[in-house]
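Topology and contacts: notes
Below are the chains, spelled out letter by letter.
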Amino acid sequence: MSNKAENVIELKNVKKIYRMGKERICAVDNVSFTIKKGEFCCLYGVSGSGKSTLLNLMAGIEKVTSGQIIIKGRHIHKMSERALAKFRQNNLGFVFQSYNLLNSMTALENVELPLVFKRVPTRKRKKMARNILTKVGLGSRLKHKPKEMSGGQQQRVGIARAFVSNPSIVFADEPTGNLDSKTSKEVMDLIKDMAKANNLTIVMVTHDRRLAEYADKIIHIFDGKVEKIEEFTKQAEELPPEETQEIATDVS
Amino acid sequence: MRIRDLIKMGLRNLARRKTRTILTVLGVVIGSLSIIIMVSIGQGMQQNFDKQIKELGSLTIITVRDRGYIYDEDGNYSGSVEQELNDDLVKRLKEIEHVRAVTPVLNKSVRLLTGKYEGWAYITAMDSEAFDDFDFPGLTMGEYPNQEDNSGIVFGANAVEFYDTGSRGWNWTPVDVDLEKSKIILKFQDYPTNERKKEFSVPLKNIAKMEETNGIYDWNTYMDLEYFKEIYLKYCNTLNLEDRKRAIKTLDDYTEIRLNVDNIDNVEDVQDKIKEMGFQTESDMQYLSPMIEASNTLQMVLLALGTVAMVVSAISIANTMVMSIYERTKEIGIMKVLGCVIKDIRKLFLFEAGMIGFIGGIVGNILGFIAAWLINKYGQPLFKALMSGNYMYDMTNTTFAVIPFYLPFAAIGLSVLVGVLSGYFPARRATKIRTIEAMKSEG
């Protein structure tokens, strides 16, 4: 009980059943685990294993069929849409595989967006967005539109957007899925650095075993169930650089 | 979201799809433009109408003259006929339904003299009770003739002017004569006086003067019919026998009979009835009614056009918004995930739809003002064409379209309302898109 306060995310017997016509597909089956504050957690599994669904459930994008999801002591599955939106504004950040930037907006405006929804005054949020974009190394591309940037740069914008409002948890769904090996590593390092600097909790979904090595904790998902949970000590985090290079080659 | 950000984002979204926005706005422009033109023409007609009432006297008055003009079906003059107007006819006219008042009228020109100054007046003698019934204007001095004392004379605001006719012929500059203080005498001049008798004259007492109306009242002088007959008979007694007979006879044949009808809408009915009795009539209404009809027709056409245009533009706004939502499904999903509350998404779409209406309304207004100006400048032939034949009404200085101060606001308000209403269901649809599906969609 003593370390319960540390548990930022807690899943209890979470089930998600899809109905496809007459068939019922159990995407997430009786999953329970906890994630501690400041932890880099990886949901690992092959495609179709239900890991993405699990992430969506945690983010409140999808509703659970049964079970409980408690994030920062709040019961996500019971919250109204409005409360969820507010909760996301204040606590959650998202990084997507396909970046999901708004093409009509510049990098700066894209990063500003979560702050716009949070009603942060213009001048303040411009400053925040500029700062974080500089931090991710895009200080010179503030006025560029997504289409004018490379994949890696777009994902940096995505990361900046996820971190700009100072969330306590960032969800990343295959953040390097569309990137080449070199950029993948850069992006992963960036996420990891930013998380560590602010003591954020990261929940990342990947099917790449070696990307999973970045994590403090790997939760193996198979057929919608938790297969096993690996926890690493501090030393295990430090991967030899050569190995990472190789991993990335497999990804594409 | 702050309002400012919402507006900025909405405007950006509209600007992103310029062509579509412009086309959609165009529909609203046509709709609001036709409504503005419609109302402004209606308003213009109303103003003309009011002006006419002032200039011509009341529109409910029908006049039967001793010389009736005959018009054919197209309203063209085709001849005239002598009509005998006597007390019997007055009685019969009184019995017609909707007739509020009837009075026989005698017209005579008289000379007015005060000191060395001379003037003329065109007397209209009618029943003193009728002054009230015919909505005569107010007086600046004196009183209307009444039951107890019917000897008064009422001058219209510009009815009488005096000139110095004394030494060295005529001086055509009017002289100011104080009607209250001067001694004015009235003389008839229809026939020469019998040499053996003293020339007849009546000193005027109880002089009254009307307010200026900018209408027919200004140029006439009114007296009570009984009193007028009384003095005219006295005058007749000073004439030669031949002339006396003829003069007395003119008192039996009235110059005209005036009727006042209870309601503008009944004027033409009553006119028809009098026509059945065999008498030609005149009313100001008959000049105005083609104009009213024309403006009504025009207004109906514009109303139909405006309504259709508004409905079509509502549909096209809805269509634009639905399209926009389909295209922006993914965007909506991203916004939701990033913490945008549903209410803001709905507001955003309603704002965009309302903005289309607003821009349409503004442009419609600008064009409306231009159109009103053009109509007033070049619209005369159109209105003349629309009014069949018998207009006698002078249109040279008429404004046909008047934009009342509330109209721009009302038109913009209506356009915005149409926009918001037609954006409502698409906006609701946008909020109902499930985030997960929105995220997966292309775009």
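What counts, and where the lines are drawn
Residues numbered from 1 in each chain as written. Chains lettered and ligands numbered in written order. Predicted model: local features only at pLDDT ≥ 70, side-chain atom pairs only at ≥ 80, totals over all residues. Heavy atoms only, no water. Axes fitted to C-alpha atoms, helices over the stretch in contact; angles between N-to-C directions. Helix = DSSP H or I, 4+ residues; strand = E, 2+ residues; numbered from the N terminus. Parallel < 35°, antiparallel > 145°, perpendicular 65-115°, else oblique. Left-handed = near helix turned anticlockwise from the far one by under 90°. Nonpolar A, V, L, I, M, F, W, Y, C, P; charged D, E, K, R; others polar. Contact = heavy atoms within 4.5 Å. Buried area = accessible area lost by both parts, 1.4 Å probe. Salt bridge = Lys/Arg side-chain N within 4 Å of Asp/Glu carboxyl O. Polar contact = N/O pair within 3.5 Å; in protein donor to acceptor, adjacent residues only side chain to side chain. Domains from an automatic or database assignment. Expected span 1.5 Å × (residues − 1). Buried < 20%, exposed > 50% of the residue type's maximum accessible area, 1.4 Å probe, protein only. Arc of directions from axis to C-beta. Pairing = 2+ DSSP bridges. Core = buried A, V, L, I, M, F, W, Y, C linked by side-chain atoms within 4.5 Å.

Once that is clear, we can look at the packing of helix α10 (residues 342-378) of chain B against helix α12 (residues 406-432) of chain B. Residues and elements named next belong to chain B. At a minimum axis separation of 7 Å, α10 and α12 run at an interaxial angle of 150°. Classified by the interaxial angle, the pair formed by α10 and α12 is roughly antiparallel. Between α10 and α12 lies a crossing whose hand is right-handed. Counted by class, the contact of α10 with α12 contains 16 nonpolar, 8 polar and 1 charged residues.

On to the interface of chain B and chain A. Every contact between the two is made by 22 residues of chain B and, on the other side, 28 residues of chain A. In total, chain B and chain A occlude about 2,400 Å² of area from one another, counting both sides; carbon and sulfur atoms represent 59% of this. For the chain B face of the interface with chain A, the top three residues by lost area are R2, V337 and L338 of chain B, together amounting to 24%. Counting across the interface, chain B meets chain A through 2 salt bridges. E109 of chain A is paired through a salt bridge with R12 of chain B; the nearest N and O atoms lie 3.0 Å apart. Taken together, chain B and chain A are joined by 8 residue pairs in polar contact (both at pLDDT 80 or more). When residues of the side of chain B that touches chain A are traced back to their parent elements, those giving at least two are α1 (3-16), α9 (329-337), α10 and α13 (435-440) of chain B. In terms of residue count, the dominant contributor to the side of chain B that touches chain A is α9 of chain B (6 residues).

Bring the parts together and some accessible area is lost; that lost area is often taken as the interface size. Considered domain by domain, chain B is made up of domain 1 (3-55 + 289-440) and domain 2 (84-279). Computed over C-alpha atoms, the centres of domain 1 of chain B and domain 2 of chain B are 56 Å apart.

Residue and element names in this part refer to chain A. Spanning 14 residues, helix α4 (residues 122-135) covers 20 Å between terminal C-alpha atoms, matching the ideal 20 Å at 1.5 Å per step. Of the positions making up α4, those classed as buried are T122, R125, A129, I132 and L133. Down the axis of α4, the buried set is contained in an arc of 105°. They therefore lie on one face. Every exposed residue of α4 that faces more than 90 degrees away from the buried side is listed here: R123, K124, K127 and K135. Looking one or two residues beyond α4, the residue adopting positive phi is G137, at roughly 85°.

Strand pairing in a sheet takes place through backbone hydrogen bonds and is either antiparallel or parallel in direction. Residue and element names in this part refer to chain A. Judged by pairing direction, the sheet is mixed, and its 6 strands sit side by side in the order β6-β7-β8-β3-β9-β10 without closing on themselves. Of all the strands in the sheet, the pair left with one neighbour each is β6 (92-95) and β10 (225-231). Here the strands of the sheet are splayed against their neighbours by 15° on average, with no regard to which way each runs. As judged from the 4 bridges shared by strand β3 (residues 40-44) and strand β9 (residues 217-222), these two strands associate in the parallel manner. In the strand pairing of β9, Y44 is matched with H220.

Another aspect to go through is the nonpolar core. Side chains of nonpolar character tend, in soluble globular proteins, to be buried together. Core analysis: the largest hydrophobic core is formed by 70 residues, its most contacted members being L112, F155 and L259 of chain B. The element best represented in this core is helix α5 (residues 225-236) of chain B, accounting for 7 residues. A domain-level breakdown of this core finds at least three residues from each of domain 1 (3-55 + 289-440) and domain 2 (84-279) of chain B. Apart from residues no more than four positions distant in its own chain, F155 of chain B is found in contact with L112, A121, V160, L179, L204, I207, A208, K209, M210, N220 and T221 of chain B. In this structure, M79 and F87 of chain A together with L6 and I436 of chain B belong to the second largest nonpolar core, which totals 67 residues.

Residues and elements named next belong to chain A. Non-glycine residue E174 carries a positive phi angle of around 45°. Taking the relative accessible area as the measure of exposure, E174 reaches 10% and is therefore buried. For D223, which is not a glycine, the phi torsion comes out positive at approximately 55°. When you line up the elements, D223 lands in the loop between β9 and β10.

This paragraph deals with the sheet that holds strand β2 (residues 23-36) of chain A. Residues and elements named next belong to chain A. What the 4 strands build is an open sheet, ordered β2-β1-β4-β5; its pairing is antiparallel. Of all strands in the sheet, those with a lone pairing partner are β2 and β5 (74-75), marking the two edges. Note that strand β1 (residues 7-20) and strand β4 (residues 66-71) share 5 bridges and pair antiparallel. Bridged to K15 within β4 is S66.

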